[in-house]
Each structure stands twice: as C-alpha cells, then as structure tokens.
Amino acid sequence: TGLAIGGWETRQATQARQHLLRATALFQTLQSQLEQGDYAAGRTTVGRLRHETSAAADATSDPAWRMGGHAPVIGDDVQAVRTVTVVLDELATTVLPPLVDVAAGIEALTPHGGRVDLSALAGATSELRTADATMRRIRDRVRAIPTGDLATQINELGGKLDKAVTLIGSALRAAELIPPMLGANGPRTYLVLFQNPAELRATGGMPGAYLVVTADHGAVQVVDDGVASGGLATSDAPVLALDPSTIALYGTAIARYPANINQTPDFPTVARLAREMYRRHSGRTVDGVLATDPVALSYLL
C-alpha cells in the first residue's frame, strides 16, 4: 500500500510540475502582452493560466497527497508544493482577471482635449483594493511555508510576490489619489517647480522656471508661469518660521530666496516655502507644490 501511495504521489507531482511550468511560461507571456497593451490577448492568456493552475491544484489535493504531507522527511516539501499550487491558483483566478480589466481601462486616462476621463478610475479603485488585500494574504502565506529542500524556489516565488504587492500597492495609491488631485471633488491649483540640475540642490536642482496649473474634473490648464527668481517673492526675513535645527544647517536664506528653498531634502518644507513665496508674489494660494526636472520630463516624453 505504501508503495502504491508513493507511486501515485510521484505521478501527481509530475503532473503538477508540468502544469506549473506551463503556468510560469504563461505568466511571462501575460507580462509581455500587458506591456504591449494587448489586453484582448492578455485575457485569453489569463484563461489558459487559470486552467493550468487549477489542474496543478487538483493534482495536489487528493487524500494520498494530504497523507504524504505528514510523512517523515518529505512531509514539509509535500505541504509546501500544495500551498504553492493553491495560492497560484487563487492568484490566477481572483487577482489577475480584474487586474487585466483595470489595465485596459486605464488606457482611457490618455488626455483628450485637455481633459482626463476620471471615470476610468472609479471602478479601478475597488478592484485594486481587493487585489491588494488578496496579494498581501497570498504573499504572507508563501512566506510562512517552512523552508526545506525547496527553500530556493519558495524564496524566489516570495520575491516575485513582494514585487507584485509593491506594484499593486502603487497602482492603488494612484487610483485613490489621481481623481481628487485632478479636481474630481472641486478645482485644485498646483505650483510646479522645474529644477535645474546644472546647479544642484538637495531635491535635485535649483528652482528655475515654474508653472501654475489648475485641475477641475479632469480638465487641466496652465494659468501662470514664470522664473523662480522673479515670480517667487524674496524677503529680508524668513517668509515662514523655521525650526532651529533647520536654521543651524542652512541659515535663514532657505526661507528668503527662491533659489535656496530646496537646500533641505525635506520636500514638505520646500513646498511650504515655495507656496508662501508664490502667495506673497501673486496673491494666489495653491493647493499643492510639485517639482520635476528636464531628465524626468525626458523620460515622460
């Protein structure tokens, strides 16, 4: 009987391995399809993925396999394989299908006529929140697998799941933040600083030119522009009160001259100073301050 069970487990393990190898190839195919924006093909690949992971999970779910999980020496590895097949099947079944749909919907964020269609993110937030919670649970379950002969493979899978958690978390934060930032709940105004890396500062470069943009229900327009040396107010006294430790490091010039506001790497401090300097110059109080530089803009373009 023991030999029969062992033979059956070997056969099932071989089948599970074949399904998982095919699933691995399909994961790579899916990644390539999403990068190319071929979402129709991606949905087809997800369907094939679900077939392979489901078959692998079925191959490791019978009573003989569960008995093997209690066997000496090999029991931990048997249980590890079972856990991996189950979590990958859950990933393919409950996480990937809505994520592909979200990725396809985000294409609608491309501006048309100076406006971004914020409704594209309305449903995405809920889907991403669910995917984020599920991915974290899957990642934690894999992390909890006892390490044994499969430690290298389990750790490699855990690393990939960590990256997936980070990616989905970033997408979720974007889906939550972009609509209000683009005026979904009312107009927003931003001061955008362009940093010149020819003269370095702690956040990248000396503030040079700037734009002021408004966003209202996805419609974005420029309402002001200028150069920091003339468009942000200079002052004989600090425009805002400074922490004594900040003064000890940088002096008061950081709060008196636009070119010096980002000597500190603490961007919230930089933003508050720039906001107040612009308010004194223009009379307009912006809702937020952003900064970029020509290198970042070249990547975006």
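Calculation notes
Residues numbered from 1 in each chain as written. Predicted model: local features only at pLDDT ≥ 70, side-chain atom pairs only at ≥ 80, totals over all residues. Heavy atoms only, no water. Pairing = 2+ DSSP bridges. Helix = DSSP H or I, 4+ residues; strand = E, 2+ residues; numbered from the N terminus. Axes fitted to C-alpha atoms, helices over the stretch in contact; angles between N-to-C directions. Contact = heavy atoms within 4.5 Å. Expected span 1.5 Å × (residues − 1). Buried < 20%, exposed > 50% of the residue type's maximum accessible area, 1.4 Å probe, protein only. Core = buried A, V, L, I, M, F, W, Y, C linked by side-chain atoms within 4.5 Å. 1 Å grid on protein atoms, 1.4 Å probe; cavity = no way out; pocket = protein on both sides within 12 Å on 5 of 7 lines; lining within 4 Å. Points joined across faces, edges and corners; volume = space filled by probe spheres on them. Nonpolar A, V, L, I, M, F, W, Y, C, P; charged D, E, K, R; others polar.

A closer look at the sheet that holds strand β2 (residues 206-216)
Across a sheet, strands are paired by hydrogen bonds formed along the backbone, either parallel or antiparallel in direction.
Link 1 in the chain: Across the sheet, 4 strands lie side by side as β3-β2-β1-β4; this open sheet has mixed pairing. Because the sheet does not close on itself, it has two edges, and the strands there are β3 (219-227) and β4 (288-292). Between one strand axis and the next, the sheet turns by 25° as a mean value, whatever way the strands run.
Link 2 in the chain: Strand direction decides the pairing type here: β2 and β3, joined by 8 bridges, are antiparallel. Bridging across to β3, A215 finds its partner in V220.
Link 3 in the chain: Running over the sheet, helix α9 (residues 267-282) touches β1 (188-196), β2, β3 and β4 and is turned about 110° from β4.

Quick word on α9
Link 1 in the chain: Compared with the 22 Å implied by 1.5 Å per residue over 16 residues, the 22 Å span of α9 between its first and last C-alpha is a close match.
Link 2 in the chain: Every buried residue of α9 is listed here: T269, V270, A271, L273, A274, E276, M277 and Y278.
Link 3 in the chain: Along its buried surface, α9 packs onto β1, β2, β3, α7 (228-231) and β4.
Link 4 in the chain: At the C-terminal side of α9, G283 shows a positive phi close to 85°.

A few points about unusual backbone geometry
Among all residues save glycine, negative phi is the norm, and among peptide bonds the norm is trans.
Link 1 in the chain: With phi around 50°, H217 is a residue other than glycine that occupies positive phi space.
Link 2 in the chain: On the secondary structure map, H217 appears in the loop between β2 and β3.

With respect to the nonpolar core
Link 1 in the chain: Membership of the largest hydrophobic core comes to 36 residues, with the highest contact counts inside it found for L49, L91, V95, L128, M135, V142 and I168.
Link 2 in the chain: Elements with a contribution of two residues or more to this core: α1 (2-35), α2 (39-59), α4 (75-106), α5 (122-143) and α6 (151-181).
Link 3 in the chain: When residues of this core are assigned to their parent elements, the largest contribution, 11 residues, is made by α4.
Link 4 in the chain: Setting aside its immediate chain neighbours within four residues, M135 contacts L91, V95, L161, A164, V165 and I168.
Link 5 in the chain: Counting 19 residues, the second-largest nonpolar core is a separate cluster that includes I261, V270, L273 and M277.

Brief notes about the layout of surface pockets
Link 1 in the chain: Quantified by volume, the largest pocket comes out at close to 1700 Å³.
Link 2 in the chain: Along the walls of the largest pocket sit 41 residues, with F27, L88, L91, L157 and K160 positioned nearest its centre.
Link 3 in the chain: Elements that contribute at least two residues to the lining of the largest pocket include exactly α1, α4, α5 and α6.
Link 4 in the chain: Here the lining of the largest pocket is built from residues that sort into 30 nonpolar, 5 polar and 6 charged.
Link 5 in the chain: Considered as a void within the structure, the second largest pocket measures approximately 450 Å³ in volume.
Link 6 in the chain: Contributing to the lining of the second largest pocket are 17 residues, with Y190, V192, V213, V220 and L290 lying nearest its centre.
Link 7 in the chain: Looking at the lining of the second largest pocket, the elements that each hand over two or more residues are α6, β1, β2, β3, β4 and α10 (294-300).
Link 8 in the chain: Taken together, the residues of the lining of the second largest pocket break down into 15 nonpolar, 2 polar and no charged.

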